[in-house]
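Chain residues, written in single-letter form:
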Amino acid sequence: MNKDRDWLDWEIDGADWPFRNASRFVEVAGYRWHVQEFGPGTAPCVLLIHGTGSASFSWRNMVPLLENRFRLLVPDLPCHGFTRPTASPDLSLEGMTTSIRSLLNTLAVQPETIIGHSAGAVIGVSLASAALRSVDPVRHSHRVLGINGALKPIRGNRVLSPMAKALFANPLSASMFSLLAKSTPLGHNLLTATGSPIDARGEAIYRRLLGSTGHVRGALGMMASWDLSHLNAMLRRLPTPLDLFTAEDDPMVPASSSKKAASLVRDGSLTLTPTGGHLVHECHAEIVVDWIETIVSNGHSNGADAA
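Reference entry: report on the structure contained in this document. (Residues numbered from 1 in each chain as written. Predicted model: local features only at pLDDT ≥ 70, side-chain atom pairs only at ≥ 80, totals over all residues. Heavy atoms only, no water.)

**Quick notes on the overall build of the chain**
Then, in step 1: Within the chain one finds 12 helices and 9 strands.
Then, in step 2: Looking at the chain as a whole, 55% of its 307 residues qualify as buried.
Then, in step 3: Intrachain contacts of the chain at a sequence separation of at least 6 include 82% that bridge at least 24 residues.
Then, in step 4: Surface accessibility of the chain: about 12,800 Å² in total, with carbon and sulfur atoms responsible for 54%. (Helix = DSSP H or I, 4+ residues; strand = E, 2+ residues; numbered from the N terminus. Buried < 20%, exposed > 50% of the residue type's maximum accessible area, 1.4 Å probe, protein only. Contact = heavy atoms within 4.5 Å. Areas by Shrake-Rupley, 256 points an atom, 1.4 Å probe, with all protein chains shown as cover.)

Right, dumping it as structure tokens:
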């Protein structure tokens, strides 16, 4: 199903992509990656990892606030956005972790901080944990930061995982979903369900992504392939500090998952903000960046609620 028409076209769909001039494509580990890079090459490196169903543009409002101080590496995850598979993709957590490590090795990048949103926070934890078992660039990471991290095994996995697998196995499912996203209010309704008042540009790009069969199959593939049954054990063994930022009104990932995760990690902290929804980093970028800069400068946040 990896036909050209199933995937976004960089020259057409990417013509107005945020920070297009910062983009490049790298072929490694079975993917042709879309990667954006910002900031001084000598600055501390930060790896930004978006969540399921999103892409690099998710960080568009934070990049201008961070790029003067940090070197930012912002990829589209496997089978998301403009990152296409060149071989049969492994969208399990372990498979995605391995492929990102290969990308970092190829780019000769050593991230000192990994920042992940939602499922991206889980990947950040997995990357840091994998560094315990091998020698790779991630061993240099000083800490992992999670924004509305999906850091809790989902009780409904017995239902959701088989459902996602069934949808992923049927090529027509992704095609039908993409068609509905283009021709009905489905895309808008899904964004409303995040509880975040994102800008019109962001909504337009999300709808574009949801209209891509390849991108939708990538999101379904993640949901079908991920097994978080060992996540709590991974958190207990995490070799780096874990700092979490959570919107209490997030309707998609309850704040309780971040509270639990912070309690399991040897060196963890939790900062709560009352509003912002699941995409808080898109609609309240300044608040999230202030939190990031405080942590990077001084270590943990004080754990108080954000403004």
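**Describing the environment of W59**
Then, in step 1: Structurally, W59 is set in the loop between β3 (45–49) and α1 (63–66).
Then, in step 2: A relative accessible area of 0% places W59 in the buried class.
Then, in step 3: Distance in space between the C-alpha atoms of W59 and P18 is 9.4 Å, their sequence separation being 41 residues.

**Quick notes on unusual backbone geometry**
Then, in step 1: Unusually for a residue other than glycine, C79 sits at a positive phi of about 60°.
Then, in step 2: C79 gets classed as buried once you look at its relative accessible area, which sits at 3%.
Then, in step 3: Its identity is not glycine, yet N148 carries a phi of approximately 45°, on the positive side.
Then, in step 4: As for its placement among the helices and strands, N148 is situated in the loop between β7 (143–147) and α4 (157–169).
Then, in step 5: Judged by relative accessible area, N148 falls into the buried class, the value being 1%.

**Details of the pattern of salt bridges**
Then, in step 1: The tally for this structure, following the rule as stated, stands at 7 salt bridges.
Then, in step 2: Residues E11 and R20 are paired through a salt bridge, measuring 3.3 Å at the closest nitrogen-oxygen approach. (Salt bridge = Lys/Arg side-chain N within 4 Å of Asp/Glu carboxyl O.)

**Concerning the pairing of strand β4 (residues 71–75)**
Then, in step 1: Along β4, 4 of the 5 residues are buried, which leaves the element largely enclosed by surrounding structure.
Then, in step 2: Of the strand pairs in this sheet, strand β2 (residues 31–38) and β4 are connected by 4 bridges, and their pairing is antiparallel. Residue Q36 lies in a different strand from β4, and its bridge partner there is V74.
Then, in step 3: Inspection of the sheet shows β3 paired to β4 by 3 bridges, in the parallel sense. Of the residues in β4, the one forming a bridge with C45 is R71. (Pairing = 2+ DSSP bridges.)

**Some details on the environment of T106**
Then, in step 1: In this structure, T106 sits in helix α2 (residues 93–107).
Then, in step 2: For the pair T106 and V26, spaced 80 residues apart in sequence, the C-alpha to C-alpha distance is 8.6 Å.
Then, in step 3: Not counting residues within four places of it along the chain, the set of residues in contact with T106 comprises V26 and V28.

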